[in-house]
Structure formats: structure tokens, C-alpha cells
Amino acid sequence: MNMRFERCGDMGVIHVEETRLDASVAIEFKDRFRDLTQACEGDVVLDLSAVEFLDSSGLGAVVAVRKLIGTGRRLALAGLKPAVDKVMTLTRMHTVFPIYGSVEAALAVQGTAEG
Amino acid sequence: MREDLPESAPKAGAALPALHWRLPATQAAVRHTLSAQAGTLAALLPMAECRHEAEIALAEALNNIVEHAFAGLLPGEIRVDAVLHGGLARFEIRDDGRAMPAGPLPGARMPSLDAGDPLDLPEGGFGWALLRALTRDLSYRREGPLNVLRFSLPAMPAAADRPAAKIDPK
């Protein structure tokens, strides 16, 4: 599970460098996310622009990491490919997570919004 | 009386796109098959939106089989067969795991996201609901030692002004 953390001001970006977020990598995804965001206290942007495919297990893992960072911080999703966007839409997760076309867009909006 | 030919009736000598997958019932094999067999799925469903929907539906169906039909058992075999007929890709998935419990198919409702607190969001229960939302004619039968799951997916994207597929209570 290749994931990379990037600090951007008060926020953190988690770049998921895998093409499939599914049942076989869901647990590792959660563990890596927890490790990478430990040192970061602000909002987090999850960069999914490399992820071609996400199933309900991957979705559950994204919800789980949303819970990991707690209610005082937000988790935004960025760069959703069509199949990933379809899952978010069908499950109505697009009403729960702020979703942006790119990490840059997410940082621009989330970085200026009141915490 | 002549029967109407399906829209995808082939010309003489042309092969209908079809799909025949055989895989062991493990998470790794499901992941590998969906990735390695992307080309055969694309041959069946060349329209990207339809292909994405098929891949999601197949992932949910196959993961359910691995997690439930073979829980605590040595992995058996899963067979996925599909043909195009009448503008639909008709899938049949067979496995030799344990039978589903009796009763209606799960997933009658997408899990609710009305929790005020993000800490109360559901992490599971989406799989069957996704499968129901994406497919038509979803059915399960036990045939001897085999589970048989069937469903259809459109080979053409839905019209932009058509409402999203409703989940029929089953």
C-alpha cells in the first residue's frame, strides 16, 4: 500500500499511490493512514487521483479513516476517477465528504474555511 | 413464427463477446482477476460507464462469495460467465461454497448516512445495496452443490434524463 504524506500549511494531504482500494488492501490502508496522519493536527485531504477502482470495502476504509481523525477535523476527498465517483454517488457519500476535482482545489477551499 | 432477433445478433461467422472467468475464492484472486481481465470486460462492455458499473457489481458479488460462502472453508472455485443479449450483459456467477441463508436478498436499503456525528457513519452494509442499485434481474438460487447468482447490466449508459435506478424490494 503506497501512500505518501504531504504537509500543506495547517493541512495534510495523503496521496494514495495505488490503483485499487479494495477488500485486500483496506486494513493496510487504514493502518498506513493512521501512521501518516499522527503528526498532523489539521484537516486532511485524501488524494485519490491515482485510484482507478474502489469497492464497498474501500469505501468502508475511507469512512473508518474519517472517524480516525475525529470530529474536530475534516476529511476531504480529491481527484475522484469515474468509477470511484460512481460509488460515492450511489452510496450518497458525496453528501458526507467534501469532494474536489483536485488537491489544489481542496486546499484552496478547505484552507480558507473556518475550522 | 419468426422470433425477433436480439439487437446484438451477430453476422454469420462473428463471435458474440462473452466472458468466462475461473478463479479461486480468495480476496487476492478477485483483485487479480478484475485487474488482469479488464480487457475481456471491456470487450463485453466497451462503454466506459457501463464497464465501471459492471466492475463494481462484480467486485461486490465476488467479495461476498469469498467472505461468506467460504468463510472458514478452504477456497473453492468461482465461475463467472457472461453474454450480451438484447442490449444487456447477462452475468452468471457460480461457486461451490455454502448456501446463502434463506430469505430475501440483503441490501434492500443503502445504509443511512443521517448520523449527525461522523463517528456514527456506517462502515459496512454497502455491498449488496450497491449490487442491487447497479443491476437488473438480480437473483440467487441454489442448484445442487452450487450457488448461482445472476444479474444483468446495461450495455449502453442510461439516458441523462432518466432517474437513477430504483432499488426494488425483493
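Refer to the structure printed above.
These lines cover the structure that appears in this document, whether it is placed above or below. (Residues numbered from 1 in each chain as written. Chains lettered and ligands numbered in written order. Predicted model: local features only at pLDDT ≥ 70, side-chain atom pairs only at ≥ 80, totals over all residues. Heavy atoms only, no water.)

**Some thoughts on the interface of chain A and chain B**
Inference 1: The interface is formed by 27 residues belonging to chain A together with 26 residues belonging to chain B.
Inference 2: When the two sides are added together, the surface that chain A and chain B hide from each other amounts to roughly 2500 Å², 64% of it contributed by carbon and sulfur.
Inference 3: When the area that chain A buries against chain B is broken down by residue, the three leading residues are A:R20, A:K67 and A:L90, summing to 23%.
Inference 4: Linking chain A with chain B are 6 salt bridges, by the criterion used here.
Inference 5: B:R31 is the salt-bridge partner of A:E18, the closest N and O atoms lying 3.9 Å from each other. (Contact = heavy atoms within 4.5 Å. Buried area = accessible area lost by both parts, 1.4 Å probe. Salt bridge = Lys/Arg side-chain N within 4 Å of Asp/Glu carboxyl O.)

**Quick look at the packing of helix α3 (residues 82–90) of chain A against helix α4 (residues 127–134) of chain B**
Inference 1: Following both chains from N to C, one finds α3(A) and α4(B) inclined at 100°, their axes separated by 11 Å at the closest point. In terms of axis orientation, α3(A) runs roughly perpendicular to α4(B). Within the contact between the two elements, α3(A) uses A:K86, A:V87 and A:L90 and α4(B) uses B:L130, B:A133 and B:L134.
Inference 2: Residues of the contact of α3(A) with α4(B), tallied by class, amount to 5 nonpolar, no polar and 1 charged. (Axes fitted to C-alpha atoms, helices over the stretch in contact; angles between N-to-C directions. Helix = DSSP H or I, 4+ residues; strand = E, 2+ residues; numbered from the N terminus. Parallel < 35°, antiparallel > 145°, perpendicular 65-115°, else oblique. Nonpolar A, V, L, I, M, F, W, Y, C, P; charged D, E, K, R; others polar.)

**Considerations on empty space enclosed by the protein**
Inference 1: This model, assessed by the stated rule, comprises 1 cavity of 30 Å³ or more.
Inference 2: A:D22, A:A23, A:S24, A:F53, A:D55, B:Q27, B:V30, B:R31, B:L34, B:A59 and B:N63 together form the lining of the largest cavity.
Inference 3: Residues that form the lining of the largest cavity fall into these classes: 5 nonpolar, 3 polar and 3 charged. (1 Å grid on protein atoms, 1.4 Å probe; cavity = no way out; pocket = protein on both sides within 12 Å on 5 of 7 lines; lining within 4 Å. Points joined across faces, edges and corners; volume = space filled by probe spheres on them.)

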